[in-house]
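Structural overview
Below, each chain spelled out in residue letters.
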Amino acid sequence: MRAEEEKKGRYEDILSLPHHISEVHAQMPVSARAAQFAPFAALTGFGDAIQETARLTESAPELPEDRLAELDEKMRLLCALPPDKREVTVTYFVPDKRKEGGAYRTASGRLERVDAEGGRLILEGSVCIRTEQITDIEKST
């Protein structure tokens, strides 16, 4: 208690003075003052690396030969139809550019053509799907 009284006695002359407000500088907003105490990223990019690792991908499909033959037959039959009867829904796998695996996507539209040389299925509106990524083709009604 004695040490506390000594401290109080040391600052007795300034304890009753009014708080100083600068006439030259504007007072700092409360939000800016709070930012002084916000956490900072000691390791830049570490948070992004953690998010990337946590991002889920699906494994790439390995279709059996009979399934691949079935898809080829569906594409051949679709190409034989008149252009106005080629409405399809295609499910395909898109590999992820940053990590192993990828995601399944679905596209619907009118089949314009199958580019056998380029290995692409082309839907109306210039939607190109690589034939090796296709996992299912359904004729829309």
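Please refer to the structure higher up on the page.
Fair warning: this is a prediction, and the values are worked out from it, not measured in the lab.

Each helix and strand in the protein chain was counted, giving 5 helices and 5 strands. Ordered by position from N to C terminus, the α and β elements of the protein chain give α-α-α-α-α-β-β-β-β-β. Taken against the 2.2 N^0.38 rule, which gives 14 Å for 141 residues, the C-alpha radius of gyration of the protein chain at 34 Å runs more than 25% over that of a compact globule. Principal axes of the C-alpha set define a box for the protein chain whose edges measure 100 × 35 × 25 Å. When burial is assessed residue by residue, the protein chain has 18% of its 141 residues classed as buried. Put simply, of all contacts in the protein chain between residues at least 6 apart along the chain, 50% involve residues at least 24 apart. Of the roughly 11500 Å² of accessible surface on the protein chain, 55% is carried by carbon and sulfur atoms. Side-chain charges in the protein chain split into 20 positive and 26 negative, and the spacing between the mean points of these groups amounts to 3 Å.

Now for the sheet that holds strand β2 (residues 102–115). Taken in spatial order, the 5 strands line up as β4-β3-β2-β1-β5 in an open sheet, and their pairing is antiparallel. Where the open sheet ends on each side, the last strands, each with one partner, are β4 (127–130) and β5 (134–139). For this sheet, the mean angle separating the axes of adjacent strands, direction not counted, is 40°. In the packing of helix α5 (residues 65–80) onto the sheet, the strands contacted are β1 (87–95), β2, β3 (120–123) and β5, and the crossing angle to β5 comes to about 40°.

Any two side chains of opposite charge can pair, on the condition that their charged atoms come close. Per the counting criterion, the structure on display carries 11 salt bridges. Here Arg-55 and Asp-96 are joined by a salt bridge, their closest N and O atoms 2.5 Å apart. With Arg-55 in the loop between α4 (46–54) and α5 and Asp-96 in the loop between β1 and β2, this pair connects stretches of sequence that are 41 residues apart. When its relative accessible area of 21% is taken as the criterion, Asp-96 is described as partly exposed. Here Lys-74 and Asp-136 are joined by a salt bridge, their closest N and O atoms 3.6 Å apart. Remark: Asp-136 occurs in strand β5 and Lys-74 occurs in helix α5; sequence separation between them is 62 residues. Since its relative accessible area comes to 27%, Lys-74 is described here as partly exposed.

Here is what the cut-offs are and how they apply
Throughout this description, residue numbers start from 1 for each chain and increase along the sequence as written. Owing to the predicted nature of the model, reporting of local features is limited to residues with pLDDT of at least 70; listing and counting of side-chain atom pairs is limited to 80 or more, with chain, interface and lining totals taken over all residues. The side-chain figures draw on all heavy atoms in the structure; neither hydrogens nor water molecules are used. Numbered from the N terminus, helices here are DSSP runs of H or I no shorter than four residues, and strands are runs of E no shorter than two. Throughout, the radius of gyration refers to the C-alpha atoms, and the reference size of a globule is 2.2 Å times the residue count to the power 0.38. The buried label goes to any residue with under 20% of its type's maximum accessible area, the exposed label to any with over 50%, and the partly exposed label to all in between, with areas taken from a 1.4 Å probe on protein chains only. The contact rule is simple, with two residues in contact once any of their heavy atoms fall within 4.5 Å. Here the Shrake-Rupley method, with its probe set to 1.4 Å, supplies the accessible areas, and only the displayed protein chains count as covering residues. For the charge count, each Lys or Arg is scored as positive and each Asp or Glu as negative, with His and the chain ends excluded. A charged residue contributes its charge at one atom only: NZ of Lys, CZ of Arg, CG of Asp or CD of Glu. Note on pairing: DSSP must find at least two bridges between two strands before they are called paired. Under this scheme, a helix contributes an axis fitted over its contacting stretch, all axes are lines through C-alpha atoms, and angles between N-to-C directions fall in the 0 to 180 degree range. The term salt bridge refers to a pairing of a side-chain nitrogen on Lys or Arg with a carboxyl oxygen on Asp or Glu at a separation within 4 Å.

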